[in-house]
Amino acid sequence: MSLTVERTLAGLALRQLVSRKRVLALVAVAALPVLLALPLRGGMEGRSPEEALAELYVSFVVAVILPIVALVIGNSVFGAEVDDGTILYVLGKPVPRWRIVLVRILTAAAAVAAVLVPATLLSAVAVFGGLDPARLAVSFAIASVVGGLLYSAIFVALSLSTRRALVVGLLYVIVWEGLLSSLFAGTRALSVRQYVIAIADALSDAGGGAFFAELERGTAFVMAVVVGVATTLFAIRRLQRFEIGEAL
């Protein structure tokens, strides 16, 4: 099966993402975990380097870097086209809109992974002088890719629902992912942050709550699939109902 259409759509999405200022900002953001990991070589406050690195991953990378990067990128793959009217070019082509949405979500997720995976692995290198223990860094990198895909679906759907997607997305990250999911156990089943932590913990098989997982592994895997599918279907529905006049 030819993937010409998908490559074209992905290319259009990448052109929306790639600007000098945005690239420089994302590189700077990716460097932050590495810089913060340097003082952890000897551990801190009675914690081993492994425990200190795990806490850095949980409290900074997954809590701050991952959702913010995904918000900026997820909002950009459609947001800029809606603002400048070039989405007319995409919607005017005889391409099913579900394919457009899927390609945009996957492109956004790939861009998020391109930022998060090096930051995660290089943080381990900064602490241990290499990827040892490799399972800790690799499991978290994989979990971050999953989280990036879920956040991308959420923020792409959001960008198709409101012109204030950045503001609404930031409130979602701060209030729902940050505040409510920490205070109320019932909200954790609908928190991407908790899915990422639980998946990383499951993949590392670290034991002892190395990743401070507060959600059952099985629940995290099932709900990650449910949320990913639901938000993707919602985004497809939004684009199917998108009127040409909305882009003008």
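Residues numbered from 1 in each chain as written. Predicted model: local features only at pLDDT ≥ 70, side-chain atom pairs only at ≥ 80, totals over all residues. Heavy atoms only, no water.

A. Seen up close, the overall build of the protein. When you go through the protein residue by residue, the secondary structure sums to nine helices and zero strands. Mapped in sequence order, the helices and strands of the protein form the string α-α-α-α-α-α-α-α-α. For the protein, contacts bridging at least 24 residues in sequence account for 73% of all contacts bridging at least 6. For the protein, the accessible area works out to roughly 11,800 Å², and carbon and sulfur atoms hold 68% of it. (Helix = DSSP H or I, 4+ residues; strand = E, 2+ residues; numbered from the N terminus. Contact = heavy atoms within 4.5 Å. Areas by Shrake-Rupley, 256 points an atom, 1.4 Å probe, with all protein chains shown as cover.)

B. Spotlight on helix α8 (residues 192-204). Given a rise of 1.5 Å per residue, 13 residues ought to cover 18 Å, and the 18 Å separating the end C-alpha atoms of α8 matches this to within 8%. For α8, the buried fraction is high: 12 of the 13 residues fall into the buried class. Along α8, the residues that are buried comprise Val192, Arg193, Gln194, Tyr195, Val196, Ile197, Ala198, Ile199, Ala200, Asp201, Ala202 and Ser204. (Expected span 1.5 Å × (residues − 1). Buried < 20%, exposed > 50% of the residue type's maximum accessible area, 1.4 Å probe, protein only.)

C. Looking closely at the environment of serine 159. Relative to the elements of secondary structure, serine 159 occurs in helix α6 (residues 134-159). Distance from serine 159 to asparagine 75, taken between C-alpha atoms, is 5.3 Å for residues 84 residues apart in sequence. With residues up to four places along the chain from it excluded, the contact list for serine 159 reads Gly74, Asn75, Phe78 and Ala165. Within the structure, the side chain of serine 159 is placed 2.7 Å from the backbone oxygen of valine 156, a separation counted as a polar contact. (Polar contact = N/O pair within 3.5 Å; in protein donor to acceptor, adjacent residues only side chain to side chain.)

D. Geometry of the packing of helix α7 (residues 165-183) against α8. One way to put it is that α7 packs onto α8 with a least axis distance of 9 Å and a crossing angle of 60°. What the angle tells us is that α7 and α8 run oblique. Within the contact between the two elements, α7 uses Tyr172, Val173, Glu177, Gly178 and Ser181 and α8 uses Val192, Arg193 and Gln194. Residues belonging to the contact of α7 with α8 are distributed by class as follows: three nonpolar, three polar and two charged. (Axes fitted to C-alpha atoms, helices over the stretch in contact; angles between N-to-C directions. Parallel < 35°, antiparallel > 145°, perpendicular 65-115°, else oblique. Nonpolar A, V, L, I, M, F, W, Y, C, P; charged D, E, K, R; others polar.)

E. View of the confidence of the model for the protein. Scored by pLDDT, the protein has a mean of 82; 77% of the residues are at 70 or more. Model confidence for the protein, summarised as mean pLDDT per element, is weakest for helix α1 (residues 4-17) at 66 and strongest for helix α9 (residues 217-240) at 93. (pLDDT = per-residue confidence, 0-100.)

F. Geometry of the packing of aromatic side chains. A complete count under the given rule lists three aromatic pairs for this structure. Where tyrosine 151 meets phenylalanine 155, the ring centres are 5.7 Å apart and the plane angle is 0°; that geometry is what we call stacked. Of this pair, tyrosine 151 and phenylalanine 155 both sit in helix α6, four residues apart, which is roughly one turn of the helix. Here tyrosine 151 matches phenylalanine 155 in class, with each residue buried. Relative to tyrosine 172, the ring of phenylalanine 155 lies with its centre 6.1 Å away and its plane at 80°, an arrangement referred to as edge-to-face. Of this pair, phenylalanine 155 sits in helix α6 while tyrosine 172 sits in helix α7, and the two are 17 residues apart along the sequence. A relative accessible area of 1% means that phenylalanine 155 is categorised as buried. Three or more aromatic residues joined by ring pairs make a cluster, and in this case those are Tyr151, Phe155 and Tyr172. Stacked on the ring of phenylalanine 78, the Lys or Arg arginine 104 has its end atom at 4.9 Å from the ring centre. (Phe/Tyr/Trp six-rings, centres within 6.5 Å; stacked < 30°, edge-to-face > 60°. Lys NZ or Arg CZ within 6 Å of the ring centre and 35° of its normal.)

G. Structural detail: the nonpolar core. Counting 66 residues, the largest nonpolar core has Tyr57, Val69, Leu116, Phe155 and Tyr195 as the members making the most contacts within it. Mapped by element, the contributors of at least two residues to this core are α2 (20-37), α3 (49-84), α5 (97-128), α6, α7, α8 and α9. Per-element tally for this core: the top contributor is α3, with 17 residues. (Core = buried A, V, L, I, M, F, W, Y, C linked by side-chain atoms within 4.5 Å.)

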